[in-house]
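In case you want the letters, here they are:
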Amino acid sequence: MSKPTMLTRTSRPCATALKRPSSVRALAWLYYGGGFLAKGETSRSRELLYEGLKEETLHGDSFSGRVLVGLCVLNWLSADLRELRQVATHLLDVSNEHDLTESVGWALAFRGFGAYQANDLLAAESDFAAETSQPYISHMAPYSQSVFGLAAIYAARGDFTQADEIVNSLAVYGLQRNNLRIVRDADAFRAWLALKQGRT
């Protein structure tokens, strides 16, 4: 007998009674939609995530945050910047309303990504700066990516000193958190900054 696939495993909790804990259902919707996204079925992924959001009023405060993060990922990978910024703003509103600190970080990072890609650097800088202002409260992923976003904005303005400083601070943060991936990513970004300046 073959092992069940991720789609099979996550479709079961989505189809069962709403008595399951909301965190389990939210993650099930997140991974169910994400599974179709991984298969390249973007439309189906979007349908499922929006279907999951219909349960928002039936669950606790954090339910919609997880599903909205899934929609942010979907819109980011689909390069739908308008939708990304709208969903991230909604995620930020929901997260602030319910004091979901980690979701606030994800919302700011995704909204910053959308603004950066739309060349709205002032809005991107504002969101990235807000996300990076509390490094030990934020999740490491949106925090580190927001640092890289800020550094890219500084580099675009020709302020390589400030870009280097913030990336160096990220490397220190990675060491403090015992996260060698962040340290390696910071090293790679420093190499990119050096190339931008004509250094090898």
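Quick caveat, the model's predicted, so the values are computed rather than measured.

What counts as what
- Residue positions are counted from 1 within each chain, in the order its sequence is given.
- A pLDDT threshold of at least 70 governs which residues receive local features in this predicted model, and a stricter bar of 80 or more applies before side-chain atom pairs are shown or counted, although totals over entire chains, interfaces and linings include all residues.
- Side-chain figures throughout are based on the complete set of non-hydrogen atoms in the structure, without hydrogens or water.
- To define axes, lines are fitted to C-alpha atoms, for helices over the stretch in contact only, and angles between the resulting N-to-C directions are given on a 0 to 180 degree scale.
- Strands here are runs of E lasting at least two residues and helices are runs of H or I lasting at least four, both read from the DSSP assignment and numbered beginning at the N terminus.
- Angle categories: roughly parallel below 35 degrees, roughly antiparallel above 145, roughly perpendicular from 65 to 115, and oblique for all the rest.
- Whether a crossing is left-handed or right-handed is set by the direction in which the near helix is turned from the far one by less than a right angle, anticlockwise for left-handed and clockwise for right-handed.
- The contact rule is simple, with two residues in contact once any of their heavy atoms fall within 4.5 Å.
- Classification used: nonpolar for Ala, Val, Leu, Ile, Met, Phe, Trp, Tyr, Cys and Pro, charged for Asp, Glu, Lys and Arg, polar for all others including Gly.
- One less than the residue count of a helix, multiplied by 1.5 Å, gives the span that helix is expected to have.
- Pairing of N or O atoms within 3.5 Å defines a polar contact, subject to two protein rules: one partner must be a possible hydrogen donor and the other a possible acceptor, and residues neighboring in sequence count only if both atoms are side-chain atoms.
- Classification of residues uses two cut-offs on accessible area relative to the type maximum, computed with a 1.4 Å probe and protein chains only: under 20% is buried, over 50% is exposed, and between them is partly exposed.
- Patch construction takes residues with relative accessible area above 30% that form no salt bridge. Like charges are linked within 9 Å, and nonpolar side chains (Val, Leu, Ile, Met, Phe, Trp, Tyr) are linked within 5 Å.
- Surface accessibility follows the Shrake-Rupley procedure with a 1.4 Å probe radius. Residue values consider only the protein chains on display as shielding.
- What makes a salt bridge here is a side-chain nitrogen of Lys or Arg within 4 Å of a carboxyl oxygen of Asp or Glu, nothing more.

A. Representation of the packing of helix α9 (residues 160-176) against helix α10 (residues 180-196). Taken N-terminus to C-terminus, the directions of α9 and α10 make an angle of 165°; their axes are 8 Å apart at the nearest point. The angle between α9 and α10 places the two elements in the roughly antiparallel class. Remark: the crossing between α9 and α10 carries left-handed chirality. Of the residues in α10, those touching α9 at F160, A163, D164, V167, N168, L170, A171, Y173, G174 and L175 are I182, V183, A186, F189, R190, L193 and K196. Of the residues belonging to the contact of α9 with α10, the class tally is twelve nonpolar, two polar and three charged.

B. Structural detail: α10. Taking 1.5 Å per residue, 17 residues should reach 24 Å; α10 reaches 24 Å between its end C-alpha atoms and fits that length. N-capping of α10 is provided by N179, with a side-chain oxygen placed 3.1 Å from the backbone N of R181. After α10 finishes, the residue G198 shows a positive phi value of roughly 80°.

C. Region of the structure containing the environment of Y31. Of note, Y31 is situated in helix α2 (residues 22-38). On the basis of relative accessibility, which here comes to 44%, the residue Y31 falls in the partly exposed class. For Y31 and V67, which are 36 residues apart along the polypeptide, the C-alpha to C-alpha distance reads 9.2 Å.

D. Representation of a nonpolar patch on the surface. On the surface, a nonpolar cluster with roughly 260 Å² of combined accessible area is contributed by V73, W76 and L77. The residue L77 is located in helix α4 (residues 63-77) in this model. Of the residues examined, L77 reaches a relative accessible area of 58% and is grouped as exposed.

E. Looking closely at the environment of R66. Topologically, R66 is positioned in helix α4. For R66, a relative accessible area of 31% corresponds to the partly exposed category. Sequence-wise, R66 and S103 are 37 residues apart; in three dimensions their C-alpha atoms are separated by 7.8 Å. When residues no more than four places from it in sequence are discounted, the contact partners of R66 are S23, A26, L27 and L30.

F. Local environment of the pattern of salt bridges. According to the stated counting rule, one finds nine salt bridges in the structure shown. Between E47 and R44 there is a salt bridge, with its nearest N and O atoms 3.4 Å apart. Of this pair, E47 and R44 both sit in helix α3 (residues 42-53), three residues apart, which is roughly one turn of that helix. Here E47 falls in the partly exposed class, since its relative accessible area comes to 48%.

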